[in-house]
Amino acid sequence: MFYYLSKILWAFVQPLNLAIFLLLAGLLAAVFGRRRLFATGSVLVLLILVLSAWTSLGAMMLNPLEERFPRPPLPERVDGIVVLGGGLEGAINLVRGGYELNSGGDRMVETAILARRFPLTKVVVSGGNGELFQDAEGDGTTAPRLLTALGVSADRLILEKKSRNTYENAVFTKQLVTPKPGETWLLVTSAFHMPRAKALFDKAGFATIAWPVDYRTSGKEGIGMFRDNAVDSLQITAMAAREWIGLFAYWLSGRIDQPFPGPGG
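On a predicted model such as this, the values are computed, not experimentally measured, just so you know.

Student: Summarise the side chain of T184; cite the residues concerned and give the values.
Tutor: Inspection of the secondary structure puts T184 in the loop between α8 (166-177) and β4 (185-190). By relative accessible area, which is 15% here, T184 ends up buried. For T184, the residues in contact, after removing those within four places along its chain, are P75, R77, V78, D79, G80 and I209.

Student: So what's going on with the environment of L51? Which residues, and what values?
Tutor: Relative to the elements of secondary structure, L51 occurs in helix α3 (residues 35-54). Residues L51 and G41, spaced 10 residues apart in sequence, show a C-alpha to C-alpha distance of 15 Å.

Student: Residues and numbers for the sheet that holds strand β1 (residues 80-84), please.
Tutor: On the basis of which strands lie adjacent, the open sheet formed by five strands has the order β3-β2-β1-β4-β5 and parallel pairing. Only two strands of the sheet have a single partner each, and these edge strands are β3 (157-160) and β5 (209-213). Neighbour to neighbour, the strand axes of the sheet diverge by 20° on average, direction disregarded. Of the strand pairs in this sheet, strand β2 (residues 122-126) and β3 are connected by four bridges, and their pairing is parallel. Bridge pairing links V125 to L159 in β3. Its contacts with the sheet place helix α9 (residues 194-203) against β1, β4 and β5, and it is angled at close to 145° to β4.

Student: Can you break down unusual backbone geometry residue by residue, with the values?
Tutor: One non-glycine residue with positive phi stands out, namely D214, at about 60°. Looking at the element boundaries, D214 is found in the loop between β5 and α10 (230-252). Phi at F226 is positive, roughly 55°, even though this residue is not glycine. Looking at where F226 falls in the secondary structure, it is placed in the loop between β5 and α10.

What counts and what doesn't
Each chain has its residues counted from 1, following the order in which its sequence is written. Thresholds applied to this predicted model are a pLDDT of at least 70 for local features of residues and 80 or more for the giving and counting of side-chain atom pairs; totals over whole chains, interfaces and linings are not thresholded and use all residues. The basis for every side-chain value is the complete set of heavy atoms in the structure, and neither hydrogens nor water enter the calculation. Here a strand is any run of E in DSSP of at least two residues, a helix any run of H or I of at least four, and the numbering for each starts at the N terminus. Under the scheme applied here, a residue whose accessible area is under 20% of the maximum for its type counts as buried, over 50% as exposed, and between as partly exposed, the area being computed with a 1.4 Å probe on protein chains only. The contact definition used throughout considers only heavy atoms, calling two residues in contact when any of these lie within 4.5 Å. The criterion for strand pairing is that DSSP finds at least two bridges linking the strands in question. Here the axes come from fitting lines to C-alpha atoms, over the contacting stretch only for helices, and the angles between their N-to-C directions go from 0 to 180 degrees.

In short, the description is geometric, and any link to function would need to be established separately.
In structure tokens:
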């Protein structure tokens, strides 16, 4: 139920969708002669679009998430690598049978690099189809084609193909891997997603070292306008809003212990 509610809620509060819904509500209000509601809705739509597309608001929201878990020195010994899905174009790969990367593809590239540095280490790919209304191939299915093409032997791969969100990533991967005390596992995911991912793996009893990748901010963002093109700014704002809402929702539901988890717990 949590999975479906989260998908439906996000469909309404995603910045661009929210602007469209408010615009439709304003037009409906105008049809019924509620000009004040129409004006209010129009101002809100304009505000959302301007802040999301023309300002650095999204980057400023995203940067604290990316800075929360700095990348540590590489351990001398690594027993396993867990990479979370979200870096592959599932809908395209389902049809074309390839391994097209999306903007989060650094997750898979970094995993291949780590696997080559630690040639005896197991590599776990965790990710099924997390789309609610779209047929797509989960990263757990696509990744072997990419990773083996990059030189990672198939017998090193452990594939978790059922998870639809980060909570299920943690729970299902723990059940599949059953890590032993004292083992060193790296957790690879986008830097902005690491606070929620690390907290969920900790909650599941799977001790990992955070290995963030796929940075979207420089770390030097400040208040400003037209720092990036409008499409990228809108995407960054949506990512940041989704992650902060996800953290708050997971905390309220008891899936994580803190609203903004950090290295200290």
